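Below are the chains, spelled out letter by letter.
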Amino acid sequence: MKKKKYSYFIIILIVIISVIAANMFAARGGNKSVVVNIPKGASVDKIAEILEDESVIKSKIVFKILSHAKNSASKMKSGAYRLNSSMTPSSIINIIVKGDTISRWLTIPEGYTIKQIAEKIEKEGYGSAAEFVKLAALEGDQFDTPFPSPGKNLEGYLFPDTYLITIGITEKDIITEMYNCFNRKVYEPLKKDISASGMSLHEIITLASLIEREARVPKDRAMISSVLRNRLDKKMRLAVDATVLYALGEHKSRVLYKDLEIDSPYNTYKYAGLPPGPISNPGVESIRAAIHPAKSDYLFYVAKPDGSHIFTKTFEEHKKAISEIRLLR
């Protein structure tokens, strides 16, 4: 029995010595300082590969073995880290597990309003929601832009994307980055198409923001765009629930008849034409749908329980579709 315990002790000791030796000799050496970006959801295999490619570690195999030995493989956090080739793999693992970043990833979903973006920024610890709203909704004209300025309210122009945000950055810097991203990913690649669409940039982004909030499945975007364009051409009120919710300043699962009475230029049940500006910050696919609507004669749509829509040409057909959907619900 004593001999068996002694054997276990020797095996454990060998493993410990091997791990320590691997850690010490796996250090890359030198004094190269680099900033390494670890993307969201990266596995330990991917992290090891990135670190080896950046010449921070000597062996990704040793790094993975150490990560599992330290029970850290699933605990590593995304973000940007300032690392040095003189660090041991064990110390690098500790830094990434701790999340001692100089920058972190921030994802802004498509269709978020300025208010929702501000709340997320504050929740993630990047600044004040109130300050962000003040700058983006009331003082937007202070930001330089290579595209036609929307004025004081930047709703619609803060591009939804995943950003690597430096710790300690200001709210103004975040807005500037989002604004610049809109220019890179929307205005520059699509400005010729926007010019040929017969609508201004502001009209396209406003229309896209309605599409973004109304479309629940991607395939419906172009058809919803077609319906809204057709109604605009016929001088019909758009009657979009999402504009009423924007006017109310709150999210509700159901728009009530009393809600439709709100006196706001954003209430498209009350006022004809597009609202004065975007009601959300749309993604590029909704913007493309606004520029390139499907060809149809449809004037109405209603959402099914699965999020897709039934499109109809007449009010009678629309009422019938509503009755069918009520039965489904």
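Residues numbered from 1 in each chain as written. Predicted model: local features only at pLDDT ≥ 70, side-chain atom pairs only at ≥ 80, totals over all residues. Heavy atoms only, no water.

Here we look at the overall build of the protein chain
So, step 1. Summing up its helical and strand segments, the protein chain has twelve helices and six strands in all.
So, step 2. What you see for the protein chain is a C-alpha radius of gyration of 27 Å, clearly larger than the 20 Å of a compact globule of 329 residues, by over 25%.
So, step 3. Projected onto its principal axes, the C-alpha positions of the protein chain cover 90 × 50 × 35 Å.
So, step 4. Counting all 329 residues of the protein chain, 41% fall into the buried class.
So, step 5. The long-range fraction of contacts in the protein chain, counting pairs at least 24 apart against all pairs at least 6 apart in sequence, stands at 61%. (Helix = DSSP H or I, 4+ residues; strand = E, 2+ residues; numbered from the N terminus. Rg over C-alpha atoms; globule rule 2.2 N^0.38 Å. Buried < 20%, exposed > 50% of the residue type's maximum accessible area, 1.4 Å probe, protein only. Contact = heavy atoms within 4.5 Å.)

Regarding the confidence of the model for the protein chain
So, step 1. Summing up the model confidence of the protein chain, the mean pLDDT is 89 and the portion of residues at 70 or higher is 91%.
So, step 2. The weakest mean pLDDT in the protein chain belongs to helix H1 (residues 2–25) at 51; the strongest belongs to helix H11 (residues 284–291) at 98.
So, step 3. For residues 13–17, every residue scores under 50 in pLDDT, and the model assigns this stretch zero contacts once sequence neighbours within four places are set aside. (pLDDT = per-residue confidence, 0-100.)

Notes on the packing of aromatic side chains
So, step 1. Here the structure, examined in full by the defined rule, presents ten aromatic pairs.
So, step 2. Aromatic pair Phe 147 and Tyr 179: ring centres 5.2 Å apart, planes at 80 degrees, arrangement edge-to-face. Linking Phe 147 in the loop between helix H6 (129–138) and strand S4 (162–166) with Tyr 179 in helix H7 (residues 171–196), this pair joins segments that are 32 residues apart in sequence.
So, step 3. Between Tyr 301 and Phe 311, the aromatic rings sit 6.0 Å apart at their centres with planes inclined by 55 degrees, giving tilted as the arrangement. Residue Tyr 301 is found in strand S5 (residues 300–303), and its partner Phe 311 is found in strand S6 (residues 309–312); the two are separated by ten residues along the sequence. One exposure class covers both Tyr 301 and Phe 311, and it is buried.
So, step 4. Ring pairing ties together the aromatic residues Phe 143, Phe 147, Tyr 157, Tyr 179, Phe 182 and Tyr 187, which thus form one cluster. (Phe/Tyr/Trp six-rings, centres within 6.5 Å; stacked < 30°, edge-to-face > 60°.)

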